[in-house]
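Here is what each chain is made of, one letter per residue.
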Amino acid sequence: MPLRIVFMGTADFAVPTLVGLVGRGHEVVAVYTRAPKPAGRRGLDITPSPIEREALRFALPLLTPATLRTAEAANTAHGHGADVAIVVAYGLILPKPILEAFPLGAFNLHASLLPRWRGAAPINRAIMAGDSETGVMVMKMEEGLDSGPIALAERVPIPCDATAANLHNRLALLGADLVVRALGALERGSLTLTPQPEVGVTYAPKITNSETRIAWERPWKEVHNHIRGLSPVPGAWCQIASDNVRVKVLRTTRGEGTGVPGTVLDDELTVACGDGAVRILELQRAGRQAMKAHEFLRGTTVAAGTRFG
């Protein structure tokens, strides 16, 4: 007998899962997402979340509560008559009364190899830390932060030059398939749960603006991981000291040469780090489109010896 599903998600990462559930014929009785945010220079434009757009496209019932910590929210959740909730990149905490609204539980798709990188930014933090692999896991939710038992998991390597965007897209698609498989096993009564290990717990807090500026005095590998872990959003940035131009650096690779950290070493945008160098492959000036390094250099003079701060 098909399961009745409540889906909770907001970000792009959640879209393939919702599309996959609908495409497989699952009965999605309600979709929860974060309310539209003001956008534009004056904050007058209203931008719906990616999940809101998909829910409207599929004509699914849509809810955008500001919080789930009210009796009204709990009553609404119970009123769906759903068997299970699927939660992917939603952005709101599910308190105990909400978790208890679903007889078969609430299951979360998380983009890390739990218990490593519990929290809001697992993809970014895995790359920034230089991890060689990561993955996606379907976890049965409990009140703790990403601490519930694991239902299914898939591991993937992290290529040495992969950005957060590259990894995000791959894990989103892999995760969607994992959720569909988990629901199939849940329907059959064959889904098994494995408690997370008690050792190896790390946390992935939300990225803050204070950590996005590039610290060229760090070793090249750390600079490289920092840049690709924040690419393209929010983006690691620096300033061209000679004219105070601010740029986001979106893609790098290992460069050749040494010098004072932050100094451009050649005409290919190789920049010295505290140990070694990185070569910038793609970057973006404030208010402009992203561009390859050679395109950037056609419109901006950055000679050897220029300092990036």
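Each remark here, short or long, concerns the structure printed above.
These numbers were taken from a predicted model, which means no experiment stands behind them.

## Looking at the packing of aromatic side chains
Move 1: Going through the model one piece at a time under the given rule, you end up with one aromatic pair.
Move 2: Between the NZ or CZ atom of arginine 246 and the centre of the ring of tryptophan 237, over which it lies, the distance is 3.6 Å.

## With respect to a nonpolar patch on the surface
Move 1: Nonpolar side chains collect at one region of the surface, where Leu145, Val201 and Tyr203 lie side by side and expose about 270 Å² of accessible area between them.
Move 2: By the element assignment, leucine 145 lies in the loop between strand E8 (133-140) and strand E9 (150-157).
Move 3: By relative accessible area, which is 45% here, leucine 145 ends up partly exposed.

## What to know about the sheet that holds strand E2 (residues 27-32)
Strand-to-strand pairing in sheets goes through backbone hydrogen bonds, with the strands running parallel or antiparallel.
Move 1: Spatially, the seven strands line up as an open sheet ordered E5-E2-E1-E6-E7-E8-E9, and their pairing is mixed. The open sheet has two edge strands with one neighbour each: strand E5 (62-63) and E9.
Move 2: This element, helix H6 (residues 164-188), spans strand E1 (4-9), strand E6 (84-88), strand E7 (106-110), E8 and E9 of the sheet and lies at about 150° to E9.

## Overview of the environment of proline 149
Move 1: Tracing the backbone through its elements, the reader meets proline 149 in the loop between E8 and E9.
Move 2: It is 8.8 Å that separates the C-alpha atoms of proline 149 and valine 138, two residues lying 11 residues apart in sequence.
Move 3: Discounting residues that sit within four places of it in the chain, proline 149 has contacts with Val138, Met139, Lys140, Glu142, Leu193, Thr194 and Pro195.

## So, the nonpolar core
Move 1: Ranked by internal contacts, the top residues of the largest apolar core, which has 41 residues, are Phe7, Phe13, Ile86 and Leu183.
Move 2: Take this core: its biggest share by element is 11 residues, from H6.
Move 3: Those residues in contact with phenylalanine 7 that sit more than four places away from it in its chain are Ala14, Thr17, Leu18, Leu21, Val28, Ala30, Val31, Tyr32, Ile51, Ile86 and Val88.

Conventions used here
Residues numbered from 1 in each chain as written. Predicted model: local features only at pLDDT ≥ 70, side-chain atom pairs only at ≥ 80, totals over all residues. Heavy atoms only, no water. Phe/Tyr/Trp six-rings, centres within 6.5 Å; stacked < 30°, edge-to-face > 60°. Lys NZ or Arg CZ within 6 Å of the ring centre and 35° of its normal. Patch = residues over 30% accessible without salt bridge, like charges linked within 9 Å, V, L, I, M, F, W, Y side chains within 5 Å. Areas by Shrake-Rupley, 256 points an atom, 1.4 Å probe, with all protein chains shown as cover. Salt bridge = Lys/Arg side-chain N within 4 Å of Asp/Glu carboxyl O. Helix = DSSP H or I, 4+ residues; strand = E, 2+ residues; numbered from the N terminus. Buried < 20%, exposed > 50% of the residue type's maximum accessible area, 1.4 Å probe, protein only. Pairing = 2+ DSSP bridges. Contact = heavy atoms within 4.5 Å. Axes fitted to C-alpha atoms, helices over the stretch in contact; angles between N-to-C directions. Core = buried A, V, L, I, M, F, W, Y, C linked by side-chain atoms within 4.5 Å.

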